Amino acid sequence: DVANMKGLTQGRLRLGVVTTAKYFAPRLLGGFCERYPGVDASLKVTNRERVLERLQSNEDDLYIFGQPPAGVDVEAVPFLRNPLVALAPPGHPLAGRAGVPLAELGEYPFLAREPGSGTRLAVERLCDEHGVTLRVRMELGSNEAIKQSVAAGMGVSVLSEHTLAGGGEEVAVLDLEGFPIERHWYLVYPAGKQLSVAARAFMDYLLAEGARMAESGVSEIPRSPQGGWPVG
Ligand code: PGA
C-alpha cells in the first residue's frame, strides 16, 4: 500500500538550486523528508552559473533554475511563479509613484548581483530590450546583502519577490514599467537521465506542492501592496 511504498522510498537525494530558491526549498525539502524519512537529502545553494556547472558534471539528482538553461539538453518543469521586483529605499523619489518609465531606473545608483547570477541576467535582458543603461554602484554576491544595502539607502535593485518573504527590512517595491519580471522556477535534469526513486518522489512532491500553493493562494509569496511595502 501507499504507506509501505513511502517507507520503502529511500536513498540519497541531492539538489542543486539557485540562490533565491533558498527561500522556499528548505521548507519543501523538510516536508518531503518528513514524508519519506528513509531519504537522505542534501541541498547545494549557489548562483546560476555554478548550478549549471554542477548539472553539466552530473553532481546532483535534480536542479532548480529561474530560467531553463539554453544550449543544454534538459527536461525543465515549471512549478511555481518567481516574479522579480524592483526595490528602493523607502522615501526614494521613485517609491510610491505609479507607472514609472524604466529609463528612470538608470538615473539612480544600482546594486547589482555578481556576474553568473540569473537574476542579473534577467535584469540585463530587460534593460537591453529597452535601451536602458544602469549605473552600477556596487556588485554584491548575495540577495540578502543587496536587500540590506537597499534598506540602508545605498541604491536601487531588482530581486526575486521571494527574498522579501521574511519581512523586516524597510524597502519599497517600485511600480516600474516592465515589472514585475514574470518568471517561474523550473525543476531541471539532464534529458534522458534515469531518475532515482527518491528523485522521482521529490519531483512528484514538488509539483503537487506547487499546484497546491498556486491554487489555494496560500503561497508564502508576499503580494506587494500598491505603492510598495508599508514602512516600519
Ligand atoms: P541567481 O539565479 O541566484 O543566480 O541570481 C536566480 C534566478 O535565475 O532566478
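Look up a bit, the structure's there.
Treat the numbers as computed from the prediction; the structure is a model and nothing was measured.

Here's the deal with the packing of aromatic side chains
- The tally for this structure, following the rule as stated, stands at five aromatic pairs.
- In textbook terms, an aromatic cluster arises when at least three aromatic residues are bridged by ring pairs, as seen for Phe 32, Tyr 36, Phe 202 and Tyr 205.

Points about the environment of Tyr 189
- With respect to the helices and strands, Tyr 189 occurs in strand E10 (residues 184-190).
- In this structure Tyr 189 touches Asp 61, Leu 62, Val 74, Glu 75, Leu 195, Arg 200 and Met 203, once residues within four positions along its chain are discounted.

With respect to the nonpolar core
- Leu 13, Phe 32, Leu 62, Ile 64, Phe 79, Trp 185 and Phe 202 are the most contacted members of the largest nonpolar core, which has 35 residues in total.
- Those elements that provide at least two residues to this core are strand E1 (11-18), helix H2 (25-35), helix H3 (48-56), strand E3 (62-65), strand E4 (74-81), E10 and helix H6 (197-216).
- The leading source of residues in this core is H6, at eight residues.
- Ignoring anything within four residues of it in the chain, the contact list for Ile 64 reads Gly 16, Val 17, Val 18, Ala 21, Phe 24, Val 51, Phe 79, Trp 185, Tyr 186 and Leu 187.
- Within the second largest apolar cluster, 22 residues are counted, among which are Leu 105, Ala 112, Leu 174 and Ile 181.

Describing the sheet that holds E10
- Taking strand neighbours across the sheet as the criterion, the five strands line up as E2-E1-E3-E10-E4 in an open arrangement whose pairing is mixed. Strands with a single pairing partner mark the edges of an open sheet, and in this sheet they are strand E2 (39-46) and E4. For this sheet, the mean inter-axis angle between neighbouring strands, taken without regard to orientation, is 20 degrees.
- Where E1 lies against E3, three bridges are found, and the strand directions are parallel.

So, the site of the ligand
- Neighbouring the ligand are Val 18, Thr 19, Thr 20, Asn 47, Arg 48, Gly 66, Asn 82, Arg 113, Ser 117, Gly 118, Thr 119 and Arg 183.
- Within the side chain of Thr 19, an N or O atom sits 2.5 Å from an oxygen atom of the ligand.
- Contacts to the ligand include Arg 48, whose backbone N or O atom sits 2.8 Å from an oxygen atom.
- Coverage of the ligand by the protein amounts to 100% of the 280 Å² it exposes when considered alone.
- A per-class count over the shell around the ligand returns one nonpolar, eight polar and three charged.

Observations concerning the pairing of strand E6 (residues 109-113)
- Most of E6 sits inside the fold, with four of its five residues counted as buried.
- Direction of pairing for E6 relative to strand E7 (residues 135-140): parallel, over a ladder of five bridges. Bridging across to E7, Pro 109 finds its partner in Arg 135.
- Handedness of the crossover joining E6 and E7 through helix H4 (residues 118-129) is recorded here as right-handed.

Cut-offs used in this document
Residues numbered from 1 in each chain as written. Predicted model: local features only at pLDDT ≥ 70, side-chain atom pairs only at ≥ 80, totals over all residues. Heavy atoms only, no water. Phe/Tyr/Trp six-rings, centres within 6.5 Å; stacked < 30°, edge-to-face > 60°. Helix = DSSP H or I, 4+ residues; strand = E, 2+ residues; numbered from the N terminus. Contact = heavy atoms within 4.5 Å. Core = buried A, V, L, I, M, F, W, Y, C linked by side-chain atoms within 4.5 Å. Buried < 20%, exposed > 50% of the residue type's maximum accessible area, 1.4 Å probe, protein only. Pairing = 2+ DSSP bridges. Axes fitted to C-alpha atoms, helices over the stretch in contact; angles between N-to-C directions. Near = heavy atom within 4 Å. Polar contact = N/O pair within 3.5 Å; in protein donor to acceptor, adjacent residues only side chain to side chain. Areas by Shrake-Rupley, 256 points an atom, 1.4 Å probe, with all protein chains shown as cover. Nonpolar A, V, L, I, M, F, W, Y, C, P; charged D, E, K, R; others polar. Right-handed = clockwise from strand over helix to strand, strands pointing away.

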